[in-house]
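# Examination of the molecular architecture
So you can see what is in the structure, the chains are spelled out below.
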Amino acid sequence: TSVAPAAATMQKEISLTVRATQNSWLFVKTDGITVFQSTLRIGDVESWFANDEIEISGRNINQLEFELNGKMIGKLGRNDRNTKKVIITKNGLSVK
């Protein structure tokens, strides 16, 4: 019999990395738990992991570059429209 490696059983379903191209104040929840509440400065990179959902709200979200599960998505939204919230689930993401 084979035993699954511990890392495989602990792997989260959703992996999100953001890079700030402008100072951005962020509030981040993973699976309903607040994990980040601070200013992300230009050039900063942060990563979060969740089983079901990552929710990001704050200012200048449209100035963040997103990488979801290792795939570069880039910026969400347009410069002339202020993104207030991004919700990422296993099924994809929604921008509000």
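Notes on the structure follow. (Residues numbered from 1 in each chain as written. Predicted model: local features only at pLDDT ≥ 70, side-chain atom pairs only at ≥ 80, totals over all residues. Heavy atoms only, no water.)

A separate point is the overall build of the protein chain. Scanning the protein chain for helices and strands turns up one helix and nine strands. Counting from the amino terminus, the protein chain carries its helices and strands in the arrangement α-β-β-β-β-β-β-β-β-β. Within the protein chain, residue pairs in contact and separated by at least 24 positions form 56% of the contacts whose partners lie at least 6 positions apart. Per element, the accessible surface of the protein chain, about 5,900 Å² overall, is 47% carbon and sulfur. (Helix = DSSP H or I, 4+ residues; strand = E, 2+ residues; numbered from the N terminus. Contact = heavy atoms within 4.5 Å. Areas by Shrake-Rupley, 256 points an atom, 1.4 Å probe, with all protein chains shown as cover.)

Across soluble globular proteins, you tend to see nonpolar side chains buried next to one another. Residues Leu16, Leu26, Trp48, Ile54, Ile56 and Phe66 are the most contacted members of the largest nonpolar core, which totals 19 residues. If you list the elements that add at least two residues to this core, you get strand E1 (14–20), strand E2 (24–30), strand E3 (33–40), strand E4 (45–50), strand E5 (53–58), strand E6 (64–68) and strand E8 (85–89). Leaving out residues up to four positions away in the same chain, Leu16 has contacts with Glu46, Ser47, Trp48, Ile54, Ile56, Phe66, Glu67, Leu68 and Ile88. (Core = buried A, V, L, I, M, F, W, Y, C linked by side-chain atoms within 4.5 Å. Buried < 20%, exposed > 50% of the residue type's maximum accessible area, 1.4 Å probe, protein only.)

Here we come to the packing of aromatic side chains. Considering all chains together, one arrives at one aromatic pair under this definition. Ring geometry for Phe36 against Trp48: centres 5.4 Å apart, planes inclined by 65 degrees, an arrangement best described as edge-to-face. Within this pair, whereas Phe36 is found in strand E3, its partner Trp48 is found in strand E4, the two being separated by twelve residues in sequence. By relative accessible area, which is 6% here, Trp48 ends up buried. (Phe/Tyr/Trp six-rings, centres within 6.5 Å; stacked < 30°, edge-to-face > 60°.)

Relative to E3, E2 is paired through seven bridges, and the arrangement is antiparallel. Paired with Ser24 across the two strands is Leu40, which belongs to E3. Between the antiparallel neighbours E2 and E3 lie two residues, among them Asp31 with a positive phi of about 50 degrees. (Pairing = 2+ DSSP bridges.)

For the rest of this paragraph, the subject is the sheet that holds strand E9 (residues 92–95). An order of E3-E2-E5-E8-E9 is seen for the five strands of this open sheet, with the pairing classed as antiparallel. The open sheet has two edge strands with one neighbour each: E3 and E9. Strand-to-strand twist of the sheet, defined as the mean angle between neighbouring strand axes without regard to direction, takes the value 15 degrees. Relative to E8, E5 runs antiparallel, the two being bridged by five bridges. Along E8, the bridge assignment pairs Ser57 with Lys85. (Axes fitted to C-alpha atoms, helices over the stretch in contact; angles between N-to-C directions.)

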